[in-house]
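# Residue-level structure breakdown
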Amino acid sequence: MKKIAALFLSFMMLAGLVGCTGSNDPGKDKKIINVGVSIYKFDDNFMTLYRQEIEAYFKTLSTDEVTYQVTVQDGKNDMAEQTSQIDNFIAQDYDVLIINLVQATSAATIIDKCEAAKKPCIFINREPSVEDMKKYEGMITYVGADARQSGKMQGEIIAELDNKGDLNNDGLLQYVMVVGDPENVDAKYRTQYSIEQYIEKSGLKVDKLDEQRGDWDQAKGQEIVANALTQYKDKIEVVFCNNDAMALGAAQAIKAAGRTVGKDIYLVGVDALAEAVEMVGNDEMSGTVLNDHISQSHKAVDAAIKAVKGDKLDTYYWVDYVKVTPKNASQFK
Ligand code: GAL
């Protein structure tokens with residue numbers, strides 16, 4: 001009798017167990033979407049905020065029906081390394097890629113790989129050429145901001161100062177330009193348009209004292225500006241930096257040289273990193289430009305999801321830059 005009862009009990013347990021994995025299980029039909037993200041390098045202030053927001057936003061979009069499994073890899077500023085990461089994403093049948101290219105000129109190779117594997121690809125932050133963006137239409141896109149706009153805003157911030165930045169009143173703006181990475185369109189356009197817009201808005205001419213490559217890096221920004229201040233001393237009226245990380249370095253060098261931003265020198269950056277916005281609010285930087293990583297990352301994620309659903313992508317999704325000055329800095333904290 002006991003034996004029969006035990007048998008019955010184990011049968012019931014088994015039935016119960018089977019029931020758990022049966023069609024009533026809410027997790028059973030859950031779709032998993034694998035997203036492969038490769039960032040040009042993790043050690044970049046702005047792209048760190050950007051990639052963190054990609055992950056955070058994907059999390060908020062996971063539901064009972066869909067989970068987004070996001071793998072974010074560090075391209076280590078090495079195109080060969082990044083290419084092998086992309087090859088692996090494709091080999092492992094990831095559903096969609098989000099790529100911040102190490103070298104924008106390698107876009108064509110990556111697009112061809114995606115096309116061969118029928119994988120959609122969202123490029124972010126480093127814009128491929130117009131030619132390359134014509135390939136694999138509807139399945140690739142670039143999400144970003146127009147770097148010309150950020151450069152123009154930097155030029156305007158200085159041109160709109162009461163003295164137009166011309167501290168010595170000689171009708172010329174003596175300046176130092178700290179460039180991100182000369183191969184990158186963000187760096188090229190910011191370097192070019194900041195000055196062109198300054199000339200147009202101020203009606204003055206410019207005198208470039210120095211232009212150096214700082215690779216978007218704070219320590220390099222500091223070193224470049226420290227050297228420039230030693231060489232050109234009071235002649236320098238404005239330091240333009242292609243991004244805030246380098247401007248933060250420049251600010252350290254300016255302080256160390258006993259100069260005061262807003263009084264005997266001016267300093268502008270781009271990105272609106274929290275630290276830079278704080279300094280703009282305290283008149284320790286003349287201004288910066290919001291590079292909206294929240295909107296950009298959300299648009300990139302939205303595009304990825306759209307592509308996974310099988311919808312065609314637009315070739316471009318743009319986000320605007322916003323000027324940040326001591327007057328409006330408190331709105332950006
Ligand atoms: C720029 C940004 C820089 C750096 C660079 C990397 O848009 O302003 O701080 O992150 O992208 O490509």
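Residues numbered from 1 in each chain as written. Predicted model: local features only at pLDDT ≥ 70, side-chain atom pairs only at ≥ 80, totals over all residues. Heavy atoms only, no water.

On the surface, E275, E278, D283 and E284 cluster together to form a negatively charged patch. Secondary-structure assignment places E284 in the loop between α9 (274–281) and β10 (288–290). (Patch = residues over 30% accessible without salt bridge, like charges linked within 9 Å, V, L, I, M, F, W, Y side chains within 5 Å. Areas by Shrake-Rupley, 256 points an atom, 1.4 Å probe, with all protein chains shown as cover. Salt bridge = Lys/Arg side-chain N within 4 Å of Asp/Glu carboxyl O. Lys, Arg positive; Asp, Glu negative; His and termini not counted. Charge placed at Lys NZ, Arg CZ, Asp CG, Glu CD. Helix = DSSP H or I, 4+ residues; strand = E, 2+ residues; numbered from the N terminus.)

With that settled, consider the pattern of salt bridges. Tallying each qualifying case throughout the model produces 15 salt bridges. One salt bridge in this structure joins K134 and E131, with 3.1 Å as the shortest N-O distance. Residue classification places K134 among the exposed positions, given a relative accessible area of 52%. Close ionic contact of R259 with D264 constitutes a salt bridge, the shortest N to O distance being 3.5 Å. Judged by relative accessible area, R259 falls into the buried class, the value being 10%. For D264, a relative accessible area of 26% corresponds to the partly exposed category. In this structure, a network of salt bridges that share partners links the residues D181, R213, D215 and K220. (Buried < 20%, exposed > 50% of the residue type's maximum accessible area, 1.4 Å probe, protein only.)

The next subject is the packing of helix α3 (residues 79–91) against helix α4 (residues 107–117). Running from amino to carboxyl end, α3 crosses α4 at an angle of 10°, the nearest separation of the two axes being 11 Å. Considering the angle they form, α3 stands roughly parallel to α4. Across from M79, T83, I86, D87 and I90 in α3, the residues of α4 making contact are I110, K113, C114 and A117. The residue inventory of the contact of α3 with α4, partitioned by class, reads 6 nonpolar, 1 polar and 2 charged. (Axes fitted to C-alpha atoms, helices over the stretch in contact; angles between N-to-C directions. Parallel < 35°, antiparallel > 145°, perpendicular 65-115°, else oblique. Contact = heavy atoms within 4.5 Å. Nonpolar A, V, L, I, M, F, W, Y, C, P; charged D, E, K, R; others polar.)

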